[in-house]
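Given next are the chains, with one letter for each unit.
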Amino acid sequence: MALLVFVWAASTDIDRYDGELPGFNLDWEPEPPEPETPEPQETVTCPPDPDPDDPTVPIECLEPEEEIEDREPMDLSWLDPVLRVLLILGAIGLIGALAYLITSWLRNRDTSRPEPVEIEDLEAAAKATEEAAIEQASATGTARNAVVACWVALEDAAEAAGLQRKGSETSEEFTQRVLSRWEVDSATIHELAELYRTARFSREELSADDRHRAVNALQRVHSAILAHKAAVDAERAAAAEERRRRT
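Let us look at a nonpolar patch on the surface. The grouping of Val82, Leu83, Val85, Leu86, Ile88, Leu89 and Ile92 at the surface amounts to a nonpolar patch, some 660 Å² of accessible area in total. Note on placement: Ile92 falls in helix 2 (residues 79–112).

Structure (structure tokens):
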């Protein structure tokens, strides 16, 4: 087969090129490009009030966001001393509030506890203001000394009764409280207390009338103690009788 192809090619007439080969044209310049025709742009129709959050609104209809200009940072150095002062004032206020709460708690701690039941010895109180004490006060030295002796008899009666004196009470305050407990007339307590303060702390001269007033006040106190003792004894007797009937 290869021999037949060779024989066929040799017997076939083939045109041959006898001309010259083209040379290089050094003055050749490329043809200028044809100008581009701009593509027609589509017309965009914007709604009256475009909603920036609506995805169907063309982006051309939205206003461009304003660029944030670079601004110099504000000078806030003046805040440091102000904040320090505020922190100091706040700390002082907090400490003051805590001190007030602690003081109030300590002040009210004793009053919040129930007061113990006091059993008073009215017989001893009546004995401290009995007739012998009244006579002794009447015969004591000057009017000033007699008035002081009458008040001392009241203090002795309050102490003899076995009642407890509060730490914040003076001897005079304690005596007045006990007398009020025994239902002594407030006018009598006030009169004798005024006479005692005048005799004890004033240079004012006291008269025989002042002595007489003090002795009469002491007598009224003694009578009030006896009346209170009788009422307490009757109440205790009634309570004992009630317990006896129940048993």
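Considering all chains together, one arrives at two aromatic pairs under this definition. Measuring from centroid to centroid gives 5.2 Å for Trp151 and Tyr196, while their planes differ by 15°, and the two rings are stacked. Highlighted residues: Trp151 in helix 5 (residues 143–160) and Tyr196 in helix 7 (residues 186–201), separated in sequence by 45 residues. An identical accessibility class is assigned to Trp151 and Tyr196; each is buried. Between the aromatic rings of Tyr196 and Phe201, the centroid separation amounts to 6.4 Å while the plane-to-plane angle is 80°, which identifies the pairing as edge-to-face. Relative accessible area serves as the criterion here: at 60%, Phe201 is assigned to the exposed category. Taken together, the ring pairs connect Trp151, Tyr196 and Phe201 into an aromatic cluster.

With that settled, the discussion passes to the pattern of salt bridges. Applying the stated criterion to the full structure yields eleven salt bridges. The salt bridge involving Glu191 is made with Arg213; its shortest N-O contact spans 3.0 Å. One end of the pair, Glu191, is in helix 7; the other, Arg213, is in helix 8 (residues 208–246), and 22 residues separate them in sequence. Judged by its relative accessible area of 31%, Arg213 is partly exposed. Arg213 is paired through a salt bridge with Asp210; the nearest N and O atoms lie 3.3 Å apart. Taken as a pair, Arg213 and Asp210 lie in helix 8 at a separation of three residues, close to a single helical turn. With relative accessibility at 13%, the residue Asp210 sits in the buried group. Each of Glu241, Glu242, Arg244, Arg245 and Arg246 takes part in a single network of salt bridges with overlapping partners.

Time to look at the side chain of Thr188. The topology assignment puts Thr188 in helix 7. In this view, Thr188 contacts Ala217, Arg220 and Val221; residues no more than four positions away in its chain are not counted.

Following the sequence through the fold, Arg144 ends up in helix 5. Through-space distance from the C-alpha of Arg144 to that of Leu206 is 5.9 Å; in sequence the pair is 62 residues apart. Discounting chain neighbours no more than four positions away, the residues touching Arg144 are Thr198, Ala199, Ser202, Arg203, Glu204, Glu205 and Leu206. Among the polar contacts listed, one links the side chain of Arg144 to the backbone oxygen of Ala199, at a separation of 2.9 Å. At a separation of 2.6 Å, a polar atom in the side chain of Arg144 contacts the main-chain carbonyl oxygen of Glu204.

With 39 residues, helix 8 should reach 57 Å at 1.5 Å per residue; the first-to-last C-alpha distance of 58 Å fits that figure. Buried within helix 8 we find Asp210, Arg211, Ala214, Val215, Ala217, Leu218, Val221, His222, Ala224, Ile225, His228 and Val232. Contact partners of the buried residues in helix 8: helix 3 (122–128), helix 4 (131–138), helix 5, helix 6 (171–181) and helix 7.

Here we take up the nonpolar core. Proteins that are soluble and globular tend to have nonpolar side chains buried together. The biggest cluster of nonpolar side chains holds 36 residues, and the ones touching the most others in it are Cys150, Leu154, Leu179, Trp182, Val184, Leu192 and Leu218. Elements with a contribution of two residues or more to this core: helix 3, helix 4, helix 5, helix 6, helix 7 and helix 8. Contacts of Val184, omitting those with residues within four sequence positions, involve Leu179, Ile189, Val221 and Ala224.

Let us look at the confidence of the model for the chain. Residues with a pLDDT of 70 or more make up 68% of the chain, whose mean pLDDT is 76. The lowest-confidence element of the chain is helix 1 (residues 2–11), averaging 54 in pLDDT; the highest-confidence one is helix 7, averaging 88. The low-confidence segment residues 111–117, where pLDDT is below 50, has one contact with residues more than four positions distant or belonging to other chains.

Once that is clear, we can look at the side chain of Glu155. Residue placement: Glu155 occurs in helix 5. The class for Glu155 is buried, based on a relative accessible area of 15%. Here Ser171 takes part through its side chain, which lies 2.9 Å from a polar atom of the side chain of Glu155. Setting aside residues no more than four positions away along its own chain, Glu155 makes contact with Ser171, Glu172, Thr175 and Tyr196.

What counts as what
Residues numbered from 1 in each chain as written. Predicted model: local features only at pLDDT ≥ 70, side-chain atom pairs only at ≥ 80, totals over all residues. Heavy atoms only, no water. Patch = residues over 30% accessible without salt bridge, like charges linked within 9 Å, V, L, I, M, F, W, Y side chains within 5 Å. Areas by Shrake-Rupley, 256 points an atom, 1.4 Å probe, with all protein chains shown as cover. Salt bridge = Lys/Arg side-chain N within 4 Å of Asp/Glu carboxyl O. Helix = DSSP H or I, 4+ residues; strand = E, 2+ residues; numbered from the N terminus. Phe/Tyr/Trp six-rings, centres within 6.5 Å; stacked < 30°, edge-to-face > 60°. Buried < 20%, exposed > 50% of the residue type's maximum accessible area, 1.4 Å probe, protein only. Contact = heavy atoms within 4.5 Å. Polar contact = N/O pair within 3.5 Å; in protein donor to acceptor, adjacent residues only side chain to side chain. Expected span 1.5 Å × (residues − 1). Core = buried A, V, L, I, M, F, W, Y, C linked by side-chain atoms within 4.5 Å. pLDDT = per-residue confidence, 0-100.

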